[in-house]
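Structure at a glance
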Amino acid sequence: MESPFKIINNKDAYDSLSVQENVLAIRSLKAEKNCLVLCHTYQRPEVHEIADFVGDSYGLSMQATKTRHDRIVFCGVHFMAETAKILNPEKTVLLPSREAGCALADTIDEQKVVEWKARYPGLPLVLYINSSAAVKAHADIICTSANTLKAIEAVDSDKVLLAPDKNLYYSFQPKTSKTIIPWEGYCPVHKAITKELIESVIAQHPCAVVLAHPECSPDVTELADEVLSTTGMVDFVRASSEKEFIIGTELGLVQMLQRAHPLKQFFAVYNHKSCDESCVCPYMKAITLGKVRRSLEDDVFKITVSEEVRMKALNAIQKMLSLGRDK
Ligand code: SF4
């Protein structure tokens with residue numbers, strides 16, 4: 001049967017079509033190809049529209065273990081799609097853009113992790129999920145911002161290595177009696193949420209509850225009322241009777257909260273005067289509706305993980321999935 005949707009040879013041009021046209025075409029392709037679309041909270045608002053599930057790294061990993069679909073299109077970044085592939089080796093896992101990497105994950109590679117571990121013989125590695133499959137293969141347990149403390153407490157050692165985000169060390173070292181040795185990585189998007197910026201947003205909205213992600217630097221998290229994962233923020237806002245919130249994380253979550261709670265007000269942390277939206281992750285925003293449509297039509301870009309790496313990484317991921325969330 002002929003497709004009711006416009007087929008374009010130059011598929012970059014899909015992004016010039018209307019949101020509605022791309023959304024309808026993608027929904028049709030999803031059904032035809034028995035495809036699940038997983039979407040991170042930081043994605044563009046229009047990409048959320050075609051998602052079967054929207055969540056953080058932990059929630060998306062859990063969803064990836066449950067699906068019966070043949071294909072997964074991952075609207076997130078590369079390490080997330082790799083995690084879905086590790087959990088679903090028999091399925092086709094697609095990432096719609098080659099540009100969707102992660103600057104934090106790129107701070108450590110396989111050679112660096114091997115050399116680092118060799119300096120601390122016998123110490124277990126608690127590895128944040130923002131890391132490549134090749135690095136995960138060297139981890140004792142994976143964690144997300146939703147269960148870092150549980151992962152640290154779960155390993156059988158009083159000293160642990162924690163990589164790649166040093167800001168998780170600042171958030172979680174005060175909460176454990178164990179000694180954490182951190183890797184010197186950080187997320188540039190959360191680093192751009194500075195103390196000065198958040199203080200200026202607090203000055204403009206003094207009654208707002210301040211929520212910050214643990215990837216933010218310590219001088220920002222100490223100004224927060226709560227330090228939470230993105231799903232932790234969603235749950236907190238849903239349960240709260242407060243009306244104003246300052247959200248110290250990527251802009252996509254702020255927009256998602258505003259759509260979900262139109263009677264509450266949410267303020268992102270960036271320089272509103274210069275409209276410098278430094279809290280926008282360019283890697284997450286590399287995924288567009290046009291690229292999702294092309295991904296479904298042409299089966300691009302397929303994620304591959306060698307079986308040797310997959311089996312080692314799977315072991316560390318499964319330990320993480322059995323932990324549940326901190327909050
Ligand atoms: S927000 Fe930071 S940690 Fe998340 S994908 Fe972007 S660069 Fe990576």
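In short, a report on the structure. (Residues numbered from 1 in each chain as written. Predicted model: local features only at pLDDT ≥ 70, side-chain atom pairs only at ≥ 80, totals over all residues. Heavy atoms only, no water.)

1. Notes on the packing of helix H1 (residues 19-32) against helix H14 (residues 289-298)
Note the cut-off: Note on definitions: angles span 0 to 180 degrees between N-to-C directions of axes, and those axes are lines fitted to C-alpha atoms, for helices only across the stretch in contact. Under the DSSP-based scheme used, a helix requires at least four consecutive residues in state H or I and a strand at least two consecutive residues in state E, with every element numbered from the N terminus. Roughly parallel means an angle under 35 degrees; roughly antiparallel, over 145; roughly perpendicular, 65 to 115; everything else is oblique. Throughout, a crossing is termed right-handed when the near helix is turned clockwise from the far one, and left-handed when it is turned anticlockwise from it by less than a right angle. Working rule for contacts: check all heavy atoms of both residues, and any pair within 4.5 Å makes them a contact.
Direction vectors running N to C along H1 and H14 enclose 25°, while the axes themselves pass 10 Å from each other. Considering the angle they form, H1 stands roughly parallel to H14. Remark: the crossing between H1 and H14 carries left-handed chirality. Between H1, through Val19, Glu21, Asn22, Val23, Ala25, Ile26, Leu29 and Lys30, and H14, the contact on the second element is made entirely by Leu289, Gly290, Val292, Arg293, Leu296 and Glu297.

2. Notes on the pairing of strand E8 (residues 179-182)
Rule in force here: We call two strands paired when DSSP finds no fewer than two bridges between them.
Note: strand E7 (residues 159-163) against E8, four bridges, orientation parallel. Within the sheet, the bridge partner assigned to Leu161 lies in E8 and is Ile181.

3. A closer look at the sheet that holds strand E12 (residues 265-268)
Taken together, four strands build an open sheet; the order of strands is E10-E9-E11-E12 and the sheet is parallel. Lying at the two open borders of the sheet, with one neighbouring strand each, are strand E10 (226-227) and E12. Across the face of the sheet, helix H10 (residues 195-204) comes into contact with strand E9 (209-212), strand E11 (244-248) and E12 while running at roughly 175° to E11. Contacting E9, E10, E11 and E12, helix H12 (residues 230-239) crosses the sheet at an angle of about 160° to E9.

4. With respect to the packing of helix H4 (residues 78-87) against helix H15 (residues 307-321)
Here is the rule: In this count, Pro and Cys sit with the nonpolar residues alongside Ala, Val, Leu, Ile, Met, Phe, Trp and Tyr, while Asp, Glu, Lys and Arg are called charged and the others, Gly among them, polar.
It is the contact of H4 with H15, at a shortest axis distance of 9 Å, that shows an interaxial angle of 95°. By the angle between their directions, the pair H4 and H15 is classed as roughly perpendicular. Across the interface between the two elements, Thr83, Lys85, Ile86 and Leu87 of H4 pack against Arg310, Ala313, Leu314, Ile317 and Leu321 of H15. A class-by-class count of the residues in the contact of H4 with H15 yields six nonpolar, one polar and two charged.

5. Concerning unusual backbone geometry
In plain terms, the rule: Buried residues are those whose accessible area, probed at 1.4 Å on protein chains only, stays under 20% of the maximum for their type, while exposed residues exceed 50% and partly exposed ones sit between those limits.
Look at the link from Ala163 to Pro164: it is a cis peptide, with omega at -5°. By the element assignment, Pro164 lies in the loop between E7 and helix H8 (166-172). For Asn34, which is not glycine, the phi dihedral falls at a positive 50°. Relative to the helices and strands, Asn34 is located in the loop between H1 and strand E1 (35-40). A positive phi angle, close to 55°, is found at Asp299, a residue other than glycine. Its location among the elements puts Asp299 in the loop between H14 and H15. Residue classification places Asp299 among the buried residues on the basis of a relative accessible area of 17%.

In short, the description is geometric, and any link to function would need to be established separately.
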